[in-house]
Amino acid sequence: MASGFGYTGGRSRCFAYWQEFFKADAPSQCRVQADDYLECLHHTKEIERAKAVRAEFIKQAEHQAKEGRKVADLLADGVIVSVGLIQRDGASDGKEQ
């Protein structure tokens, strides 16, 4: 890849970034282009972002699993969870037959 050619013989994926970095005149101007070029080569910022997203996903999955265990513990203890779909005998609308 240092030759500027990609695997298929054409330009490498980072060649455009290299040209921008090479055209920079002042050292203060070339820092941005150098960062872009190095990011294209090594994907360090992309990998950091992917790790942060994955860590947050795992954190939320653990939290949801913990909440799921709480509901499962309540159900295992024999507590009946009512959702209000079935009315009990004492809670009827007052209609007697």
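Up top is the structure these notes are about.
Criteria and thresholds
- Residues numbered from 1 in each chain as written.
- Predicted model: local features only at pLDDT ≥ 70, side-chain atom pairs only at ≥ 80, totals over all residues.
- Heavy atoms only, no water.
- Helix = DSSP H or I, 4+ residues; strand = E, 2+ residues; numbered from the N terminus.
- Buried < 20%, exposed > 50% of the residue type's maximum accessible area, 1.4 Å probe, protein only.
- Disulfide = S-S within 2.5 Å.
- Contact = heavy atoms within 4.5 Å.
- Phe/Tyr/Trp six-rings, centres within 6.5 Å; stacked < 30°, edge-to-face > 60°.
- Salt bridge = Lys/Arg side-chain N within 4 Å of Asp/Glu carboxyl O.

So, the overall build of the protein chain: which residues are in play, and what are the values?
Of the regular secondary structure elements, the protein chain holds three helices and zero strands. From first element to last, N terminus to C terminus, the protein chain shows the α and β order α-α-α. Going through the 97 residues of the protein chain one by one, you find that 9% of them count as buried.

So, the state of the cysteines: which residues are in play, and what are the values?
Such a bond, covalent and formed between the sulfur atoms of two cysteines, is termed a disulfide. One pass over the structure, following the stated rule, counts one disulfide. Here C14 pairs with C40 through a disulfide, and the sulfurs are 2.0 Å apart. Handedness here is read from the sign of the S-S torsion; for C14 and C40, about -90 degrees, the answer is left-handed. Of this pair, C14 sits in the segment before helix 1 (15-23) while C40 sits in helix 2 (residues 27-42), placing them 26 residues apart in sequence. There is no split in this pair, since C14 and C40 are both buried.

Go over the environment of F15 with me, naming the residues and quoting the values.
Position of F15 relative to the elements: it lies in helix 1. Here F15 falls in the partly exposed class, since its relative accessible area comes to 22%. Spatially, the C-alpha atom of F15 lies 8.5 Å from that of Y37, the residues being 22 residues apart in sequence.

So, unusual backbone geometry: which residues are in play, and what are the values?
Residues apart from glycine generally show negative phi values, whereas peptide bonds are mostly found in trans. In the Ramachandran plot, H43 falls in the positive-phi region, its phi being about 55 degrees despite a non-glycine side chain. Inspection of the secondary structure assignment puts H43 in the loop between helix 2 and helix 3 (44-76). The exposure class assigned to H43 is partly exposed, which follows from its relative accessible area of 29%.

Could you give an account of the side chain of Q33, naming the residues involved and the relevant values?
Of note, Q33 is situated in helix 2. By relative accessible area, which is 17% here, Q33 ends up buried. Not counting residues up to four positions away in its chain, the partners in contact with Q33 are E20, F21 and A24.

Let's hear about the packing of aromatic side chains: which residues, and what values?
Scanning all chains against the criterion turns up four aromatic pairs. Every member of this aromatic cluster is reached through a ring pair, and the members are W18, F21, F22 and Y37.

Which residues make up the pattern of salt bridges, and what values go with them?
Counting across every chain of the model gives two salt bridges. Two residues, R31 and D35, come together in a salt bridge whose shortest N-O distance is 3.0 Å. Within this pair, R31 and its partner D35 are both found in helix 2, separated by four residues, close to a single helical turn. Residue R31 is classed as partly exposed on the basis of its relative accessible area, which comes to 49%.

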